[in-house]
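Working through the structure, step by step
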Amino acid sequence: MTDKLIIFDTTLRDGEQSPGASMTREEKLRIARQLERLKVDVIEAGFAASSNGDFEAVKAIADTIKDSTICSLARANDRDIGRAAEALKGANAWRIHTFIATSALHMEKKLRMTPEQVLEQAKQSVRFARNLTSDVEFSPEDGYRSDVDYLCRVLEAVIAEGATTINVPDTVGYAIPELYGNFIRTLRERIPNSDKAVWSVHCHNDLGMAVANSLAGVKIGGARQVECTINGLGERAGNTSLEEVVMAVRTRRDHFNLETRIDASQIVPASRLVSQTTGFVVQPNKAVVGANAFAHASGIHQDGVLKARDTYEIMRAEDVGWAANKIVLGKLSGRNAFKQRLQELGIDLDSEAIVNTAFARFKELADRKSEIFDEDIIALVGDESVTPEQEHYRLVSLSQRSETGERPHAHVVFAAGAEEHRADSDGNGPVDASLKAIETVVKSGAEMLLYSVNAITSGSTESQGEVTVRLQHGGRVVNGVGADPDIVVASAKAYLAALNKLHSKAERVAAQG
Ligand code: KIV
Ligand code: ZN
């Protein structure tokens, strides 16, 4: 008998808490559609009470997605829980995920509450949530560092109040696989009503063990839900990586004896979409979704794989969606073919006018690049989902001059609201000159934390360059992404995209605040 393992994806909530990874409503909706295609059981769409923007994003996802349960995080108070229910009520199936910290450190220093007060608040919030929905998850934040006797009391009480899922977060990534697995097992053995709830693991990767800890929680502890994110996206060193857990359970079914509902062929498209949307590049040697995950460079390995694939491969690249990297459109493709491909990719542009602009940009790209891949289309329409309010700065044109032995010079024309600016600057290189030119006008004073260039599709210098720029200003960290076959243009677009995010004032309440 194989058991079912529930995959709970929190890319749009815990993943989005990575500095610079915040997403617009449209970006979140696009990722949610991909998560639905991937067949995740639960999508944690956000933290509805944290900001109006997050409320709207959770609501849009709840109103659109049909095949996954939609969940919102809520602190353990009536206002947060009410906001979550309000945002979620249009969904086919929905869950409220409420949490409060239970470690002595968090209760005393952060919450300034006694253990008895925390216990009461946990019970009351689960009771309140259960009056709104039958699907309620409770998380004792910093659960793994909590006193086990106290934690048993809290969890027994919230199960008695009707919590249907109990999640045990290793909030700070402190756990070791065997210890975390035993911790979950102890809780399940000691709590008399533990069989009334599904047990869930939620691990952070500070010591690089989030996946190992989650799997130990499943194997040793008997948890049947894993909370995870695409590409392991998340604050600090990230969260448990969805693709690694799913492929571990599938590849080693002999050991785990568990099934997930995941359509693994959607893993690589999901990874690309999240990376392109957030600007968080996937390291080449990342398991399952890294560019080198299935590449064999040594002659001995190549020879072995050609003779019998399983000599050096334990998974098939095409099973996790690598085959999707194929030419899809070219310069002769018409508007209908373009529109159909958008639909297949789950990209729903708001109006025919936006489809027309995107198609015009596609034609322009196809004139410069003979083969257009799915990744090119995703990058191209990324800009179309930006609303006019979010696009204060927009690149109009750019020219630059660079010659061996000469200092490069750039001339950039860009719009700032209704005004058009022309700016010039020299720089160490053409990219430096272009960004300095923009800065002479904008004077953002932002500090650049990261500048990275990636080829969107591998294989040739014809590929579009995708540039990520991370800026910090006034305590905020934002990422901007820009794509173009000309990497200087891609850099200017990325810089302006990051400035647009700094320009938009949307602030959110931190979940663990
Ligand atoms: O890591 C954590 O403790 C969390 C909870 C809010 C579930 O993300
Ligand atoms: Zn977390």
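Residues numbered from 1 in each chain as written. Chains lettered and ligands numbered in written order. Predicted model: local features only at pLDDT ≥ 70, side-chain atom pairs only at ≥ 80, totals over all residues. Heavy atoms only, no water.

The protein appears in an unreviewed UniProt entry as 2-isopropylmalate synthase from Aquabacterium soli. According to its UniProt record, the protein has this under Cofactor (unreviewed entry): "Mn(2+)". (UniProt positions renumbered as here; feature names shortened; annotations may be inferred.)

Residues given the UniProt feature "binding site: Mn(2+)" (unreviewed entry) here are Asp-14, His-202, His-204 and Asn-239. Maximum C-alpha separation among the annotated residues is 10.3 Å over a sequence range of 226 residues, consistent with a single clustered spot. Among the structural elements, His-202 can be located in strand β8 (residues 198–203). On the basis of relative accessible area, His-202 is assigned to the buried category, the value being 5%. With residues up to four places along the chain from it excluded, the contact list for His-202 reads Arg-13, Asp-14, Asn-167, Val-168, Pro-169, Asp-170, Tyr-180, Glu-227 and Asn-239. For Asn-239, the position within the fold is in the loop between β9 (225–228) and α9 (242–251). When its relative accessible area of 3% is taken as the criterion, Asn-239 is described as buried. Leaving out residues up to four positions away in the same chain, Asn-239 has contacts with Thr-10, Asp-14, His-202, Cys-203, His-204, Asn-205, Ala-210, Thr-229, Gly-232, Leu-233 and Gly-234. In terms of polar contacts, Asn-239 uses its side chain to reach the side chain of Asp-14, at 2.9 Å. (Helix = DSSP H or I, 4+ residues; strand = E, 2+ residues; numbered from the N terminus. Buried < 20%, exposed > 50% of the residue type's maximum accessible area, 1.4 Å probe, protein only. Contact = heavy atoms within 4.5 Å. Polar contact = N/O pair within 3.5 Å; in protein donor to acceptor, adjacent residues only side chain to side chain.)

For the rest of this paragraph, the subject is the nonpolar core. Phe-138, Ile-166 and Trp-199 are the most contacted members of the largest nonpolar core, which totals 110 residues. Sort the elements by how many residues they give to this core and helix α6 (residues 148–160) lands first, with 8 residues. Residues within four places of Phe-138 in sequence aside, it is in contact with Thr-98, Ile-100, Ala-122, Val-126, Val-154, Leu-155, Val-158, Ala-163, Thr-165, Ile-166 and Asn-167. Within the second largest apolar cluster, 27 residues are counted, among which are Leu-395, Ala-492, Leu-496 and Ala-498. (Core = buried A, V, L, I, M, F, W, Y, C linked by side-chain atoms within 4.5 Å.)

Surveying the vicinity of ligand 1 reveals 11 residues, the closest of which are Arg-13, Asp-14, Thr-171, His-202 and His-204. Note that an oxygen atom of ligand 1 is positioned 3.0 Å from one of the side-chain N or O atoms of Arg-13. Side-chain polar atom of Asp-14 to an oxygen atom of ligand 1: 3.1 Å apart, as the coordinates give it. Among the elements of the structure, β5 (94–101) and β6 (136–141) are those that each provide at least two residues to the shell around ligand 1. Taken together, the residues of the shell around ligand 1 break down into 2 nonpolar, 6 polar and 3 charged. (Near = heavy atom within 4 Å. Nonpolar A, V, L, I, M, F, W, Y, C, P; charged D, E, K, R; others polar.)

So, about the coordination of the zinc ion (ligand 2). Here the zinc ion (ligand 2) is held by Asp-14 (OD), His-202 (NE2) and His-204 (NE2), and the distances to it run 2.0 to 2.2 Å. By relative accessible area, His-204 is classed as buried at 3%. (Donors = N, O, S within 2.8 Å, 3.2 Å for Na, K, Ca; no water.)

Moving on: the pairing of strand β7 (residues 165–170). Most of β7 sits inside the fold, with 6 of its 6 residues counted as buried. The alternating pattern of β7 places Thr-165, Asn-167 and Pro-169 on one face and Ile-166, Val-168 and Asp-170 on the opposite face, and all of these are buried. Pairing analysis gives 2 bridges linking β6 to β7, with the strands arranged parallel. From the neighbouring strand, Phe-138 faces β7, where its bridge partner is Ile-166. Here β7 runs beside β8; their pairing, made up of 6 bridges, is parallel. Each bridged residue has a counterpart across the sheet, and for Asn-167 the counterpart in β8 is Ser-200. Handedness of the β7-helix α7 (residues 177–190)-β8 crossover: right-handed. (Pairing = 2+ DSSP bridges. Right-handed = clockwise from strand over helix to strand, strands pointing away.)

Here we come to the packing of aromatic side chains. The final tally for this structure, using the stated rule, is 7 aromatic pairs. With a centroid separation of 6.5 Å and 50 degrees between ring planes, the pair formed by Tyr-144 and Tyr-174 is classed as tilted. Separated by 30 residues along the polypeptide, Tyr-144 in the loop between β6 and α6 and Tyr-174 in the loop between β7 and α7 bring together distant segments of the chain. Taking the centre distance of 5.8 Å and the plane angle of 65 degrees together, the rings of Tyr-144 and Tyr-180 count as edge-to-face. Placement of the pair is Tyr-144 in the loop between β6 and α6 and Tyr-180 in helix α7, with a sequence separation of 36 residues. Every member of this aromatic cluster is reached through a ring pair, and the members are Tyr-144, Tyr-174, Tyr-180 and Phe-183. (Phe/Tyr/Trp six-rings, centres within 6.5 Å; stacked < 30°, edge-to-face > 60°.)

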